[in-house]
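# Coordinate inspection notes
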Amino acid sequence: MGDDKTRKYVLPESEMPEAYYNIQADLPVPLPPVLHPGTLEPVTPDDLAPLFPMSLVMQEVSTEREHEIPEPVQDVYRMYRPSPLIRARGLEKALDTPAKIYYKNEGVSPPGSHKPNTAIAQAFYNKQEGVTKISTETGAGQWGSALSMACAMFDIDCTVFMVRVSYDQKPYRRAMIETYGATIYPSPSDQTNAGRAILAEDPDCLGSLGMAISEAVEVAALNDDTKYSLGSVLNHVLMHQTIIGQEAIKQMEMADDYPDVIIGCTGGGSNFAGLVFPFIGQQLRGEANARVIAVEPAACPTLTKGPYAFDFGDTAHLAPVVKMHTLGSTFVPPGIHAGGLRYHGMAPLVSHLLDLGYIEPVALHQLDVFAAGVQFARAEGIIPAPESNHAISAAISEALRCKEEGSEETILFNLSGHGHFDMGAYIAYMGGQLVDYDYPEEEIAMALAGLPVVSVEAVGD
Ligand SMILES: *Cc1c(COP(=O)(O)O)cnc(C)c1O
């Protein structure tokens, strides 16, 4: 089917994967334990029960390879899935590269990113266990819009704490969240103890994801009818996203091709994991081989500069402690425009696989990244999310390396979302107002000084 003209590989709905892939089944070394933020001892499922429905807690620790996607979740997925795999013929031509470039377009979902893949699943599992309210945080607004859409579909009340700087800068994301019926507060807010404590010290605080998570977790912890939902980082979230890579494997087969290099941008790690884990799974089972590249912003260099250590997931230390590459839970990254890549930590599964040598990390500056996004838009027509520009930039570098080496490799990357709500960032870029931030060494050193001290007995190594 992959002739020399084909541009998009479209799977019929009947070919949509019917199970999520759980990479924990194939890990050569199991994940370190998750610790309670108060006791720093391993958590039990009961510790997590106030925050998450039991089905998601069990997915979090599961080592079963496949988890069936419930029919009501598949039904909502069919609104926009399977997503197309596109051969970037325009970009290949613009770069004059012998490499073949493919991308999975997750921008086709209604809110415009990959995030509904887990939002829909999480809303379903909460509904199934009788949950009537969900609280969450959002940075740039992508997760808030995905979860509020999913909650509308499963008739659940949704409360969103949006990092204040984005709340002020992104009124259209805010409006989208409210259109889907959710209640939204700028964070830090006066709605929670965590928020009030921060505001007492700094009334003009611009907020951070770590702070917004504290507020959302507090609401769930203090209210019996409310659970918390996270849009990245956790094992079950990454597992829900594996529908992306499983579709991509089938679509690469349609193209009679297989990637030599697979690339994704990493904020908390979910879209990256969603694309690459099914491929790494093939590698772990000895079935195939590819290089895997994780791309992060130089201003928030979690994978390339952060130690692999146990750390708190949020500022107020209410969320569980996990082992991850981290810049410290109090680190507030510079205000780069890829808001979705500004989390202080990285998914434990992604961190673990990096530690085991399955992932190459790179950190890029935002001016180069936007230049790549603009080049992509002019060649492929789609205006990408600033986060996705990181993956595009790395894909272009790989394609140019192939040109230099005269090598006909196949490159696959994830286009995690479109940039229609991020045109402010493009205006700033084209107006010459974007700057590159240096690696904020001193602030990171300060934040890392606050890592929890974990006993060897607690973590068993
Ligand atoms: C949220 C977001 C990201 C970063 O989150 P991950 O969990 O690392 O995927 C990347 N791209 C887009 C478009 C996003 O909305």
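Before reading further, recall that the structure is shown in the block above.
### Considerations on the sheet that holds strand E8 (residues 183–187)
Pairing within the open sheet is parallel, and its 4 strands lie in the order E8-E7-E6-E9. Since the sheet does not close on itself, it has two edges, and those belong to E8 and strand E9 (226–228), each with one partner. Sheet twist, expressed as the average angle between the axes of neighbouring strands with direction ignored, equals 25°.

### Side note on unusual backbone geometry
Cis geometry marks the peptide bond from Arg81 to Pro82, where omega comes out at -15°. With respect to the element layout, Pro82 can be found in the loop between helix H3 (71–77) and strand E4 (85–87). The peptide bond linking Ser187 to Pro188 adopts the cis configuration, its omega dihedral lying at 5°. Looking at the secondary structure, you find Pro188 in the loop between E8 and helix H9 (193–201). We note that Asp96 has phi near 50°; this positive angle belongs to a residue other than glycine.

### Concerning the site of the ligand
Inspection of the region around the ligand gives 18 residues, with Lys115, Ser232, Gly267, Ser270 and Ser416 positioned closest. Between Gly267 and the ligand, the recorded distance is 2.7 Å, taken from a backbone N or O atom to an oxygen atom. Here the ligand loses 97% of its free accessible area of 380 Å² to cover by the protein chains. Its residues assigned to classes, the shell around the ligand shows 3 nonpolar, 13 polar and 2 charged.

### Here's the deal with the sheet that holds strand E15 (residues 410–415)
Taking strand neighbours across the sheet as the criterion, the 7 strands line up as E1-E4-E5-E15-E10-E11-E14 in an open arrangement whose pairing is mixed. Strand pairing shows two members of the sheet lacking a second neighbour, strand E1 (8–9) and strand E14 (360–364), which therefore form its edges. Where E4 meets strand E5 (residues 100–105), 3 bridges bridge the pair, whose relative direction is antiparallel. Looking across to E5, one finds that Leu85 is bridged to Lys104. Against the sheet, helix H12 (residues 243–254) makes contact with E1, E4, E5 and E15, and its axis sits at roughly 140° relative to E5, the strand it touches most.

### Structural notes on the pairing of E5
The element E5 is extensively covered by neighbouring structure, given that 5 of its 6 residues are classed as buried. Here E5 runs beside E15; their pairing, made up of 6 bridges, is parallel. Considered in E15, the bridge of Ile101 is made with Ile411.

### Some details on the nonpolar core
In terms of nonpolar packing, the biggest core is built from 69 residues, with Tyr77, Ile120, Phe277, Ile280, Val350 and Ile359 touching the most fellow members. If one sorts the elements of this core by residue count, helix H13 (residues 270–284) sits on top with 8 residues. Here Phe277 is in contact with Tyr21, Ile23, Leu238, Thr242, Leu349, Val350 and Leu353, once residues within four sequence places are set aside. Counting 28 residues, the second largest nonpolar core, distinct from the first, contains Leu341, Ile392, Ala395 and Ile411.

### Topic: the packing of aromatic side chains
Under the counting rule described, the total for this entry stands at 12 aromatic pairs. Residues Phe370 and Tyr426 carry aromatic rings whose centres are separated by 5.3 Å and whose planes lie at 75° to one another, so their mutual orientation is edge-to-face. Here Phe370 is found in helix H16 (residues 366–380), whereas its partner Tyr426 is found in helix H18 (residues 423–430), with 56 residues between them in sequence. Given the relative accessible area of 3%, Tyr426 is considered buried.

Here is what the cut-offs are and how they apply
Residues numbered from 1 in each chain as written. Predicted model: local features only at pLDDT ≥ 70, side-chain atom pairs only at ≥ 80, totals over all residues. Heavy atoms only, no water. Pairing = 2+ DSSP bridges. Helix = DSSP H or I, 4+ residues; strand = E, 2+ residues; numbered from the N terminus. Axes fitted to C-alpha atoms, helices over the stretch in contact; angles between N-to-C directions. Near = heavy atom within 4 Å. Polar contact = N/O pair within 3.5 Å; in protein donor to acceptor, adjacent residues only side chain to side chain. Areas by Shrake-Rupley, 256 points an atom, 1.4 Å probe, with all protein chains shown as cover. Nonpolar A, V, L, I, M, F, W, Y, C, P; charged D, E, K, R; others polar. Contact = heavy atoms within 4.5 Å. Buried < 20%, exposed > 50% of the residue type's maximum accessible area, 1.4 Å probe, protein only. Core = buried A, V, L, I, M, F, W, Y, C linked by side-chain atoms within 4.5 Å. Phe/Tyr/Trp six-rings, centres within 6.5 Å; stacked < 30°, edge-to-face > 60°.

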